[in-house]
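This is what each chain is made of:
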Amino acid sequence: DEDDHDPAFVPVWDLELIKTRTAGFPYVVSPGDPLRTSFDLTVTNQGANPAYAVSVTDHLPSGAVYTTGIPPTMPTTTQLGAPVAVFDAGDGTYEIDALAPGDSVTWRIELDLVDTTLTSFENVAEITGFDNNADPDDVVPAYVTDIDSVPDSDPTNDEIAVDPGNADNADN
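Numbering of residues begins from 1 in every chain and follows the order in which that chain's sequence is written. Residues qualify for local features only when their pLDDT is at least 70, as the model is predicted, and side-chain atom pairs are given and counted only at 80 or more; totals for whole chains, interfaces and linings, by contrast, use all residues. The side-chain values count all of the structure's non-hydrogen atoms but skip hydrogen atoms and water molecules.

A closer look at the sheet that holds strand β2 (residues 36–45)
Reasoning step 1: When DSSP finds two or more bridges between a pair of strands, those strands are recorded as paired. For helices the rule is a DSSP run of H or I covering at least 4 residues; for strands it is a run of E covering at least 2, with both sets numbered from the N terminus onward. Read across the sheet, four strands follow the order β1-β2-β7-β4 without closing on themselves; strand pairing throughout is antiparallel. Every other strand in the sheet has two partners, leaving β1 (15–21) and β4 (64–66) as the edge strands with one partner each. The average angle at which neighbouring strand axes cross in this sheet is 30 degrees, direction not considered.
Reasoning step 2: Sheet topology note: the β2/strand β7 (residues 104–113) ladder contains nine bridges and is antiparallel. When the bridges of β7 are listed, Ser38 appears paired with Glu110. Throughout, an axis means a line fitted to C-alpha atoms (over the contacting stretch in the case of helices), and angles, computed between N-to-C directions, take values from 0 to 180 degrees.

Right, dumping it as structure tokens:
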């Protein structure tokens with residue numbers, strides 16, 4: 001008896017980014033109020049495989065700057081208690097060293113709104129890349145893709161979710 005077929009293994013990666021306004025910061029500011037806001041960024045690995053070197057870019061809107069003297073507080077453990085390193089490049093880009101399936105990591109950024117002529121602004125973040133292993137020197141294989149989104153650095157081509165459970169790139 002001859003077996004003429006082999007089962008195929010199809011790896012699945014699915015990374016989600018949810019960005020929410022930090023509780024306690026006003027949604028609307030009035031004249032005379034401090035023009036500062038804060039956001040929490042959460043990346044969750046919804047896939048079946050670990051993700052490495054997960055890159056996140058926060059596209060800072062015109063008229064806003066990262067709050068001087070208040071660097072983001074980077075977590076040292078994930079939601080499930082695994083050790084994690086989140087690197088802050090200081091320019092709105094972040095890299096998560098590794099994220100296991102079903103796990104997530106959250107960090108906070110603060111912004112000062114310096115252009116007082118603006119009546120509103122939108123701050124968007126997105127996942128801009130990831131790897132299938134911890135070797136930074138190898139080439140990421142073509143099959144390593146997110147199952148329901150394309151990591152890139154173009155903030156204009158993403159679905160923006162008002163309900164963060166419905167998209168992989170979100171803003172508030």
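Having put the structure on the table, let's press on.
Focus on a nonpolar patch on the surface
Reasoning step 1: On the surface, a cluster of nonpolar side chains totalling about 210 Å² of accessible area is made up of Leu60, Val65 and Val114.
Reasoning step 2: Within the secondary structure, Leu60 sits in the loop between β3 (51–59) and β4. A patch consists of residues whose relative accessible area exceeds 30% and which take part in no salt bridge; residues with like charges are grouped when within 9 Å of each other, and nonpolar side chains (Val, Leu, Ile, Met, Phe, Trp, Tyr) when within 5 Å. With residues, only the protein chains shown are counted as cover, and all accessible areas are computed by Shrake-Rupley using a 1.4 Å probe. Within this document, salt bridges are pairs made up of a side-chain nitrogen of Lys or Arg and a carboxyl oxygen of Asp or Glu, the two lying within 4 Å of each other.

Quick look at the packing of aromatic side chains
To describe a pair of aromatic rings, you give the distance between the ring centres and the angle between the ring planes.
Reasoning step 1: Centres within 6.5 Å are what make two rings of Phe, Tyr or Trp a pair, Trp counting through its six-membered ring; a difference in plane orientation under 30 degrees is then read as stacked, over 60 as edge-to-face, and the rest as tilted. In the structure shown here, the tally under the stated rule is two aromatic pairs.
Reasoning step 2: Considering the side-chain rings of Trp13 and Phe130, the 6.3 Å spacing of their centres and the 45 degrees angle between planes classify their relative orientation as tilted. Residue Trp13 is located in the segment before β1, and its partner Phe130 is located in strand β8 (residues 124–131); the two are separated by 117 residues in the primary sequence. Both residues of the pair, Trp13 and Phe130, count as buried.
Reasoning step 3: Their ring planes at 50 degrees and their centres at 5.3 Å tell us that Tyr94 and Trp107 sit as a pair that is tilted. On the criterion of sequence distance, the pair formed by Tyr94 in strand β6 (residues 93–99) and Trp107 in strand β7 is long-range, its members being 13 residues apart. Under the scheme applied here, a residue whose accessible area is under 20% of the maximum for its type counts as buried, over 50% as exposed, and between as partly exposed, the area being computed with a 1.4 Å probe on protein chains only.

Overview of the pattern of salt bridges
Two side chains carrying opposite charge are able to pair once their charged atoms lie near each other.
Reasoning step 1: The full count for this structure, using the stated rule, is three salt bridges.
Reasoning step 2: The residue Arg36 makes a salt bridge to Asp112 at a minimum N-O spacing of 2.7 Å. Residue Arg36 is located in strand β2, and its partner Asp112 is located in strand β7; the two are separated by 76 residues in the primary sequence.
Reasoning step 3: With its nearest N and O atoms 2.6 Å apart, the salt bridge here joins Arg108 to Asp40. Of this pair, Arg108 sits in strand β7 while Asp40 sits in strand β2; the two residues are 68 residues apart in sequence, bridging distant segments of the chain.
Reasoning step 4: With a relative accessible area of 40%, Arg108 lands in the partly exposed category.
Reasoning step 5: Under the relative-accessibility criterion, Asp40 is labelled buried at 14%.

Some points on the sheet that holds β8
Strands pair in a sheet through their backbones, by hydrogen bonds, and they do so in one of two ways: parallel or antiparallel.
Reasoning step 1: A sheet is described by the order of its strands in space; here four strands give the open sequence β5-β6-β3-β8, paired in antiparallel fashion. Across the chains shown, the open sheet's two edge strands, defined by having one partner strand only, are β5 (86–88) and β8. Within this sheet the neighbouring strands show an average axis-to-axis angle of 20 degrees, counted without direction.
Reasoning step 2: Note: β5 against β6, three bridges, orientation antiparallel. Counted as the bridge partner of Asp88 is Tyr94 from β6.

As for the pairing of β8
Reasoning step 1: With seven of eight residues buried, β8 is to be regarded as a mostly interior element.
Reasoning step 2: Here β3 runs beside β8; their pairing, made up of six bridges, is antiparallel. By the bridge assignment for β8, Thr57 is matched with Glu126.

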